[in-house]
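The residues making up each chain are set out below.
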Amino acid sequence: MTWTDWEIEGVEFVNCSCDCGCPCQFNSLPTHGNCRAHTFVHVDRGRYGDVSLDGLDWGIMAMWPGPIHLGNGTFRVVVDERADARQRAALEAIGQGRDTEPGTLVWQVFSTTVTNLLPTLYTRIDLSIEVDERTAEVRIAGLGQSTAAPIRNRKTGATQRARVTLPAGFEFTDAESAAGHAKVAGDIPLDFSYTHAHLARVHWSTHGVVR
């Protein structure tokens, strides 16, 4: 198979419907039996073939009626309105798991679980991610917003740091855990309060996670 060679370095912000500490990372079932989630990514440096992706933002929104691995998911890619036609096509391809070696990256793996692929949305994305501070915010024009903040001790209110390291993971190697809040409308509605979030520096390519 011939793929367009691509590579992205940047940061990501994920928020899902499970309790803090995503069960997926431990081969456990979702907290509420199903999964709803978003991921948004800022590209520090990136290319898709000869198309530069530097400085762009993009993301996905998804939902599954049960555990992700059982499939029947609904999925949508969201792309920064600042992207030109070639950049839009490139980010859509990456987000939908195309041009990626099977089994090596989260987007390609997710694509095998999706039966309802919604049209890509091109809109304004205002995204800020501070991995070390465990804070993030994304505003998606016309849909809503999501934020992340440090997990806090329920008794003292003190911030609590938790990290996950996945030496062979297909999304990241190291991630900072956080607590997320989301209110997003549309075909994939998200309504979260103090649920799992994580922030990570990512380096992805046609052949998966770069380490």
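**Q** Teacher, can you tell me more about the overall build of the protein here?
**A** Secondary structure assignment for the protein yields two helices and 16 strands. A compact globule built from 211 residues would reach a C-alpha radius of gyration of about 17 Å, and the protein, at 16 Å, matches this within 12%. Reported as C-alpha extents along the three principal axes, the dimensions of the protein are approximately 55 × 35 × 35 Å. Out of the 211 residues in the protein, the part that is buried amounts to 51%.

**Q** Would you mind showing me how to read helix α1 (residues 85–95) here?
**A** What sets the pattern is the α-helix's 3.6 residues per turn: residues three or four places apart point alike. Among all positions in α1, only Gln87, Ala90, Leu91, Ala93, Ile94 and Gly95 are buried. Those residues of α1 hidden inside the fold are in contact with β1 (6–16), β2 (35–48), β3 (51–52), β4 (57–64), β5 (73–80) and α2 (106–111). With a side-chain oxygen lying 3.1 Å from the backbone nitrogen of Arg86, the N-terminal cap of α1 falls on Asp84. Positive backbone phi, approximately 80°, marks Gly97, located one or two places after α1.

**Q** Can you help me understand the state of the cysteines in this one?
**A** In protein chemistry, a disulfide is the covalent bond that joins the sulfur atoms of two cysteines. For the structure shown, the criterion picks out zero disulfides. Lacking any disulfide linkage, Cys18 is separated from the closest cysteine sulfur, that of Cys16, by 4.6 Å. Free cysteine Cys35: the closest other cysteine sulfur is in Cys16, separated by 5.5 Å. Taking relative accessible area as the criterion, Cys35 reaches 7% and is therefore assigned buried.

**Q** Is there a simple way to explain the side chain of Arg134 in this structure?
**A** Relative to the helices and strands, Arg134 resides in the loop between β8 (125–130) and β9 (135–140). For the buried Arg134, no salt bridge is present, and the opposite-charge side chain at shortest range is Glu176, 4.4 Å distant. If sequence neighbours within four positions are ignored, Arg134 has contacts with Ala148, Ala149, Pro150, Thr159, Gln160, Arg161, Glu176, Ser177, Ala178 and Leu199.

**Q** Looking at this model, I keep getting lost on the pattern of salt bridges. Mind explaining?
**A** Two side chains with opposite charge may pair up if their charged atoms get near one another. Counting across every chain of the model gives 13 salt bridges. Across the pair Glu92 and Arg98 runs a salt bridge whose closest N-O atoms are separated by 3.1 Å. Among the charged side chains, a network of salt bridges with common partners joins Asp57, Asp80 and Arg82.

**Q** What am I meant to see in the nonpolar core here?
**A** In globular proteins that are soluble, nonpolar side chains generally tend to be buried together. One finds Ile8, Leu53, Trp58, Trp107 and Trp204 to be the most contacted residues of the largest nonpolar core, which totals 37 residues. Contributing elements (two or more residues each) for this core: β1, β2, β4, β5, α1, α2 and β15 (190–205). Looking at which element gives the most residues to this core, the answer is β2, with five residues. Not counting residues within four places of it along the chain, the set of residues in contact with Trp204 comprises Trp6, Glu7, Ile8, Glu12, Val41, Trp58, Leu105, Trp107, Glu171, Val209 and Val210. Listed in part, the 24 residues of the second largest apolar core include Phe13, Leu143, Ala178 and Leu190.

So, how was this worked out
Residues numbered from 1 in each chain as written. Predicted model: local features only at pLDDT ≥ 70, side-chain atom pairs only at ≥ 80, totals over all residues. Heavy atoms only, no water. Helix = DSSP H or I, 4+ residues; strand = E, 2+ residues; numbered from the N terminus. Rg over C-alpha atoms; globule rule 2.2 N^0.38 Å. Buried < 20%, exposed > 50% of the residue type's maximum accessible area, 1.4 Å probe, protein only. Contact = heavy atoms within 4.5 Å. Polar contact = N/O pair within 3.5 Å; in protein donor to acceptor, adjacent residues only side chain to side chain. Disulfide = S-S within 2.5 Å. Lys, Arg positive; Asp, Glu negative; His and termini not counted. Salt bridge = Lys/Arg side-chain N within 4 Å of Asp/Glu carboxyl O. Core = buried A, V, L, I, M, F, W, Y, C linked by side-chain atoms within 4.5 Å.

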